[in-house]
Every structure is written in structure tokens, then in C-alpha cells.
Amino acid sequence: MFFKTILKKLSKHKILLFLILLNLILNIIGINFGLPNLWHPDEVTHSVGRMIAEKTLNPGRFTYPSFYHYLLIVANIPYSAFLLLSGKVALLATDSALRQQAVATIFLTSRIVTAFFGSILVFLVYIIAKKVSNKRAAIISATFASVNMAIITYSHFATTDIPVTLMSMLAIYMIIRLYEKPTSVNYLLAGLAIGFAAGTKYYAAVLVLLLIGAHLLATKRVSINKNLIISGMSCAVGFIITTPFAILDFKTFFRDTTMLFTTTQMVQNLYDPVTALSYFFHLDNGLGTPLFILSLIGTAYCMYLARKNNKLLLLLSWAIGYFLLVSYVIHFSFLRYILPVVPIIIIFAGVFFDYLFSFKRQRIITYTFLFLVLLFNFSYAIKTDMLFVKDSRYSSTEWVKENIPDNSKILISAENLRYFPDIYSEKNVSYLNVTDFLSVESISEAIKKISPDYIIESSLYYNRYLYYTNMYPKRSPLHVFFGYVSHEPIATDFYRELLNEKMGYSIIKTFPDKKEDVPDPEFINPTILVFKKD
């Protein structure tokens with residue numbers, strides 16, 4: 001009945017249905033990037049594949065909660081059943097090609113699930129915007145979300161970033177309903193939604209504070225009543241249902257979550273000294289400059305409206321509070337860390353645009369402005385998809401295979417080979433971890449012993465030793481004002497000398513030939529440098 005109701009509503013909103021489908025198409029273009037190689041290091045499918053192979057529901061590690069793991073296991077049941085019924089499971093241990101195909105299929109299936117979640121996010125943007133404003137603001141907001149680079153980028157990955165954003169938006173919708181009608185059922189549902197969100201990624205638990213705020217606004221007094229207790233209990237139940245081994249394997253859960261929190265504190269002076277400022281440049285990348293500026297103006301406008309609109313006040317409290325909390329707690333910045341803020345500030349942009357339409361005499365100008373912003377964002381989204389389709393690792397792999405003789409020695413100075421061209425099975429490749437050495441001279445001596453004809457480097461690796469890489473240095477001037485303090489000074493000195501061609505090797509090829517600052521999706525299209533011995 002629930003899904004029938006949603007489909008019935010969608011049939012009455014053809015524009016919304018079109019936007020959801022448009023977003024799904026943009027999410028799916030290039031979604032098989034890298035496969036069968038696994039280019040993204042943080043996809044939870046790594047754990048999901050192991051859980052399926054070992055026939056266990058215990059993730060074994062609690063870097064992330066388990067909810068999305070379980071959803072992906074369910075999504076991969078049909079393929080797992082096919083392998084089992086066809087007798088191919090027994091061959092996985094010995095048939096490397098079949099094993100590679102199985103891994104690729106599981107990853108692709110998992111990414112498609114994320115792509116659908118990204119499209120559902122467009123629907124939630126619509127219904128929340130309609131709750132806090134009106135239908136026109138909702139359509140505008142959903143249109144912005146459907147072609148948003150940040151949502152589209154992370155919808156390509158089998159990571160928890162889009163799912164937790166989706167679950168957070170669902171929780172926010174239920175919290176707004178709670179504010180409108182503070183019934184026991186709404187308290188129960190809001191608590192469950194928060195539990196599910198926290199069961200996707202731990203930090204979503206701070207939504208409890210938003211629920212308390214909605215409770216105070218709804219009851220208009222400071223009180224702990226039965227409904228609030230019900231909500232708190234349902235929140236805990238929702239989390240335990242989605243991450244049951246937090247109880248069943250509490251020792252491991254406590255160890256991993258404690259380590260996770262400690263890690264975010266340990267690196268506070270390592271990567272990004274000004275996270276709050278850096279996030280503005282991440283948002284500029286993720287939204288595109290026109291929508292980013294509109295979102296800032298829209299946020300200011302909604303602050304003005306929030307004096308008489310408590311539902312907008314709740315959205316503002318979440319967006320600003322979460323932004324400040326993440327900036328304070330996690331001292332290295334990635335766009336994904338503030339992704340739950342993105343759909344909210346998109347709604348603020350939609351509300352502001354709706355205000356512009358209230359000036360009837362200037363509507364032609366407003367329509368033109370809206371069209372230009374959407375055209376920019378659509379082209380920005382297509383550019384992003386093309387980076388998935390034409391990742392530099394594809395072109396560099398092909399070039400190396402065609403232009404470097406098979407008997408040549410190639411050196412890759414890295415730990416993580418997924419950042420580099422896929423040449424390991426066909427070329428004579430040696431590896432050198434530059435962080436293992438005590439001086440640049442000792443690295444140079446090690447290179448002389450290997451005597452490679454070529455050295456290949458990837459910006460996904462060497463940039464981490466040259467910049468505060470998470471400050472988004474391509475557009476951010478912040479790295480000019482805050483001098484870089486290397487956490488691996490020897491590696492930093494080595495890469496500076498190598499890139500300046502002072503190590504006896506010169507750059508003969510760069511992939512891609514030209515690279516724009518934006519869009520710059522994470523883990524995609526690195527700069528690949530090919531050095532040849534002088």
C-alpha cells in the first residue's frame with residue numbers, strides 16, 4: 001500500500017517523475033568506472049563481498065554501521081543464488097577470471113543501488129521543500145537536485161555517503177511532521193528514521209538534537225514527556241535493528257568506534273587547519289559556482305523567513321549546526337563529509353528563487369536566470385559523468401601498453417595501486433614505497449638499484465605529500481596563506497624534486513592533456529605523469 005500511494009502521487013507529478021528519472025540516468029552514466037579494477041578505496045562492497053563469501057552478517061569491522069551492508073547483501077542475493085545454483089561458487093577459488101567477474105558484478109549491483117538512492121533523494125528534496133515553502137519552490141529545488149554534481153558523483157559509488165544523506169533527509173521529513181502533528185506515531189517514526197540514519201553512518205545520530213528542537217517548538221515548553229521517551233527508544237531500536245552486532249559483538253564495535261573517533265582527532269594539525277573555510281570551496285565544486293552563490297543567498301533569505309517559519313528554522317538549525325560540528329570534529333575536509341548539508345542548501349536556493357518569481361514584472365528575467373543556472377548545472381553534471389567514462393587511467397593504460405616496450409622497467413612509487421594505470425599484468429613493474437626511507441638520498445639510491453626506464457606517478461598519491469590535499473587546492477587560495485607542514489617531509493622533498501625533473505627523469509606524457517579545476521569528483525580522473533630516464 002505504501003509504495004502504491006507513492007506511485008499514485010508521482011503519477012500526478014509528471015515533472016517530478018521526469019526529474020527523478022533524469023537524475024537516475026545521470027547517476028548511471030559511467031557507473032561501471034574502473035571495473036573489474038576497484039578504483040575507489042572506501043566502497044563498502046569490499047566488506048559486503050567478504051560477508052557474502054563467509055555467509056555471515058557480522059561485518060567484522062565497525063568503521064561504518066551495518067545498515068547499508070545488509071541492503072547491499074539483499075540486492076546481491078539474486079546473483080549469489082545464480083552462482084550457487086549454477087555450480088560456479090566452487091570454481092571461484094581457482095578460476096581468477098570468474099572471480100574477477102563476480103567481484104565486478106557485485107560492485108556494479110551495489111553502485112546501481114546507490115544510484116537509485118540518489119534519485120529517491122530528489123523526491124525527498126521535493127517533499128521537504130513543499131513542507132517548508134510551496135509547490136513551486138519544491139519543483140525548483142528538485143530540479144536543482146536532479147542535476148547536482150555532488151549528488152550525481154556520490155551516486156556512482158557504493159559508499160554510505162548518499163544513503164546516509166537519504167536517511168537523514170527522511171529523518172528530517174519525519175521530524176517536520178512531528179513538529180506539525182506531535183502525535184505518538186510521529187515521534188515513533190521520527191525516532192526510527194534517526195536510528196536508521198545512524199545505522200548508515202554514525203554521525204547522523206546528531207539528528208536527535210533536531211528532534212528535541214522540534215519537540216520544544218511543538219510543545220512550546222521544556223519538558224520530557226512520554227512521546228519524547230518513545231522517540232528516544234525507537235531511535236535506539238532503529239540503530240540496533242540495522243547494526244545488531246553493535247550489541248552481539250560489542251567488544252569489536254567499541255574498539256573500532258573508539259579508534260574512529262580518535263583518528264578524527266589525531267590528524268587535526270595534519271591535513272587542513274581551516275576546515276570550515278575549506279568546505280566553502282568544496283561546496284563550490286559540488287554545487288557549481290552559480291548554484292553555490294544562490295545557496296548562500298538562499299540561506300541568508302531563509303534566515304530572515306525563519307523568524308516566522310519554524311520549519312525553515314529546523315532546516316537551518318540542521319544545516320548550520322551540522323556544518324559547524326563536522327568542521328570542528330573532523331580536521332580534514334572532503335565534500336562527502338558535508339554531503340547531508342547539500343540538499344538542504346539546495347532547498348534554500350529553491351525557496352529564494354520562488355521569492356524572485358513573486359516579482360511579476362521581472363518574471364521573464366527570472367525565468368531566463370533560472371534557465372541559465374540549470375543549463376550550467378546540467379552541463380556541469382554531464383562533464384562530471386564524462387570524467388567517469390574517460391578517466392585518465394583508461395587513456396594512460398592504453399598509452400603505456402602501446403608506447404613503452406615490454407622489456408622496459410617501470411617504477412611506481414606508491415602503496416595504493418588502484419590510483420595508477422592497469423599495467424601490472426603486462427609490463428615489468430617494480431614498486432617502491434617512498435615513506436619507508438629516511439632520506440631523499442636513500443630513495444635515490446634505491447631507484448638507482450632498480451634502474452627503471454620509466455617512472456609513473458598519480459596525483460591521487462603524490463598530491464597528499466605536496467599540499468593540504470583535502471583543502472581542494474585547485475580553486476582554494478587557502479594553501480597560500482597557510483603554509484603546508486608535511487607529515488612525511490622526506491616523501492614531500494622527493495616528490496618536489498621528481499616533479500621538478502631533478503631526479504634524472506623527465507616528464508614525457510601527462511594524462512589528461514588538459515585538466516580543468518572543476519568539476520573535480522573525488523577519486524576520479526587523477527593526473528597521471530609518465531617520466532623517462534634522461
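Check the entry above for the structure.
Reference entry: report on the structure contained in this document. Along each chain, residues carry numbers from 1 onward, in the same order as the chain's sequence is written. It should be noted that, the model being predicted, local features are given only for residues of pLDDT at least 70 and side-chain atom pairs only at 80 or more, the latter also being counted only at that level, while totals for whole chains, interfaces and linings use all residues. Calculation of side-chain values draws on the structure's entire complement of heavy atoms; hydrogens and water are dropped beforehand.

It is worth spelling out the overall build of the protein at this point. The helix and strand labels rest on DSSP assignments: H or I over at least four residues marks a helix, E over at least two residues marks a strand, and numbering proceeds from the N terminus. On a plain count of helices and strands, the protein comes out with 24 helices and 5 strands. Note that the radius of gyration is over C-alpha atoms, with the globule rule given as 2.2 Å times the number of residues to the power 0.38. Here the protein has a C-alpha radius of gyration of 25 Å; the compact-globule value for 534 residues is 24 Å, and the two agree. By its C-alpha atoms, the protein is 75 × 60 × 45 Å across when sized along the principal axes. Residues are treated as being in contact if the distance between any of their heavy atoms lies within 4.5 Å. Look at the contacts in the protein between residues 6 or more apart in sequence, and 76% of them connect residues 24 or more apart. Accessible surface for the protein amounts to roughly 24300 Å². Of this, 65% is attributable to carbon and sulfur atoms. A 1.4 Å probe and the Shrake-Rupley method give the accessible areas. Residues count as covered only by the protein chains that appear here.

This part covers the side chain of Thr492. Along the polypeptide, Thr492 turns up in helix α24 (residues 489-499). Relative accessibility decides the category of a residue: with a 1.4 Å probe and only protein chains considered, values under 20% of the type maximum give buried, values over 50% give exposed, and everything between is partly exposed. Overall, Thr492 belongs to the buried group, its relative accessible area being 2%.

Turning our eyes to something else, we now look at the sheet that holds strand β5 (residues 528-533). Strand order in the open sheet formed by 5 strands is β2-β1-β3-β5-β4, with mixed pairing between adjacent strands. Since the sheet does not close on itself, it has two edges, and those belong to β2 (428-431) and β4 (505-511), each with one partner. Between one strand axis and the next, the sheet turns by 25 degrees as a mean value, whatever way the strands run. Sheet topology places strand β3 (residues 454-458) next to β5; 5 bridges connect them, and they run antiparallel. The residue bridging Tyr454 from the neighbouring strand is Lys532, located in β5. Helix axes are fitted only over the stretch in contact, all axes being lines through C-alpha atoms; the angle between N-to-C directions runs from 0 to 180 degrees. Here helix α20 (residues 392-403) sits on the sheet and contacts β1 (409-412), β3, β4 and β5; the angle it forms with β4, its principal contact strand, is near 125 degrees. When DSSP locates at least two bridges between a pair of strands, those strands are taken to pair.

Our focus in this paragraph is empty space enclosed by the protein. The way it works is a 1 Å grid over only the protein atoms, where trapped points that fit a 1.4 Å probe form a cavity and open points with protein on both sides within 12 Å along at least five of seven lines form a pocket, and then any residue with an atom within 4 Å of a point lines it. Grid points are joined across faces, edges and corners, and a volume is the space filled by probe spheres set on the points. One pass over the structure, following the stated rule, counts 1 cavity of 30 Å³ or more. Looking at the largest cavity, its volume works out to about 30 Å³. Across the lining of the largest cavity, the residue classes break down as 1 nonpolar, 2 polar and 4 charged. Each residue receives one of three labels: charged for Asp, Glu, Lys and Arg, nonpolar for Ala, Val, Leu, Ile, Met, Phe, Trp, Tyr, Cys and Pro, and polar for the others, Gly being one of them.

This part covers the packing of aromatic side chains. Classification of ring pairs rests on two measures: the distance between centres of Phe, Tyr or Trp rings, Trp counted by its six-membered ring, which must be within 6.5 Å, and the angle between planes, read as stacked under 30 degrees, edge-to-face over 60 and tilted in between. The final tally for this structure, using the stated rule, is 37 aromatic pairs. Between Phe352 and Tyr355 the ring centres are 6.2 Å apart and the planes differ by 35 degrees, which places this aromatic pair in the tilted class. Of this pair, Phe352 and Tyr355 are both found in helix α18 (residues 342-356), 3 residues apart, which corresponds to roughly one turn of the helix. According to the relative accessible area criterion, Phe352 is buried, its value standing at 13%. Chaining the aromatic ring pairs together yields one cluster made of Phe33, Trp39, Tyr154, Phe157, Phe388 and Tyr394.

The omega torsion across Leu35 and Pro36 is 10 degrees, close enough to zero to call that bond cis. Looking at where Pro36 falls in the secondary structure, it is placed in the loop between α2 (14-28) and α3 (45-54). Residues Phe511 and Pro512 are joined by a peptide bond in cis, for which omega reads -10 degrees. Structurally, Pro512 is set in the loop between β4 and β5. One non-glycine residue, Lys220, adopts positive backbone phi at about 60 degrees. As for its placement among the helices and strands, Lys220 is situated in the loop between α11 (207-219) and α12 (226-242). Positive phi is not limited to glycine here, since Glu501 has a value of about 60 degrees. The topology assignment puts Glu501 in the loop between α24 and β4. Given a relative accessible area of 38%, Glu501 falls into the partly exposed group.

Before going further, it helps to examine the packing of helix α16 (residues 289-305) against helix α17 (residues 310-329). The packing of two helices is summarised by the inter-axis angle and the distance between the axes. Their axes nearest at 9 Å, the elements α16 and α17 cross at an angle of 135 degrees. Between α16 and α17, the interaxial angle falls into the category oblique. The handedness of the crossing between α16 and α17 is left-handed. Across from Thr299, Cys302, Met303 and Leu305 in α16, the residues of α17 making contact are Leu312, Leu316 and Ile320. Any angle that falls under 35 degrees is termed roughly parallel, while one over 145 is termed roughly antiparallel, one within 65 to 115 roughly perpendicular, and all others oblique. Crossings are sorted by hand: turned counterclockwise from the far helix by less than a right angle, the near helix makes the crossing left-handed, and turned clockwise it makes it right-handed.

If charged atoms from side chains of opposite charge come close, those side chains can pair. Salt bridges are defined by distance alone: a side-chain nitrogen of Lys or Arg within 4 Å of a carboxyl oxygen of Asp or Glu. In this structure the tally under the stated criterion is 14 salt bridges. Residue Glu180 is joined to Lys311 by a salt bridge in which the shortest nitrogen-to-oxygen separation is 3.1 Å. Placement of Glu180 in helix α9 (residues 161-180) and of Lys311 in helix α17 is noted, with a sequence separation of 131 residues between them. A salt bridge links Lys509 to Asp513, with the nearest nitrogen and oxygen atoms 3.9 Å apart. Judged by its relative accessible area of 25%, Lys509 is partly exposed. Three or more residues are tied together by salt bridges with common partners; here these are Asp42, Arg336 and Glu522.

Turning to the packing of helix α21 (residues 440-450) against α24, a few remarks are in order. At a closest axis distance of 9 Å, the pairing of α21 and α24 adopts a crossing angle of 60 degrees. As far as their axial angle goes, α24 and α21 are oblique. Relative to α24, the crossing made by α21 is right-handed. Every residue of α24 that contacts α21 at Val440, Ile443 and Ile447 is listed here: Ile490, Asp493, Phe494 and Glu497. Looking at the contact of α21 with α24, its residues break down into 5 nonpolar, no polar and 2 charged.

For the rest of this paragraph, the subject is the environment of Ala446. As for its position among the elements, Ala446 is in helix α21. A residue is classified by how much of its surface remains accessible, and Ala446, at 14% relative accessible area, is buried. Placed 14 residues apart in sequence, Ala446 and Leu432 show a C-alpha to C-alpha distance of 8.3 Å.

Looking along a regular strand, one sees the side chains alternate between the two faces of the sheet. As paired strands, β1 and β2 are joined by 4 bridges and run parallel to one another. Within β2, the residue paired with Ile412 across the bridge is Tyr431. Across 3 bridges, β1 lies against β3 in parallel orientation. Across the sheet, residue Ile410 finds its bridge partner in β3, namely Tyr454.

A few words now on α2. To estimate how far a helix should reach, multiply one less than its number of residues by 1.5 Å. Helix length check: α2, at 15 residues, gives a terminal C-alpha distance of 21 Å against a target of 21 Å (1.5 Å per residue), a fit within 8%. Along α2, the positions that sit buried rather than exposed are Leu16, Leu19, Ile20, Leu22, Asn23, Leu24, Leu26 and Asn27. Just beyond α2, the residue with positive phi is Gly30, at close to 75 degrees.

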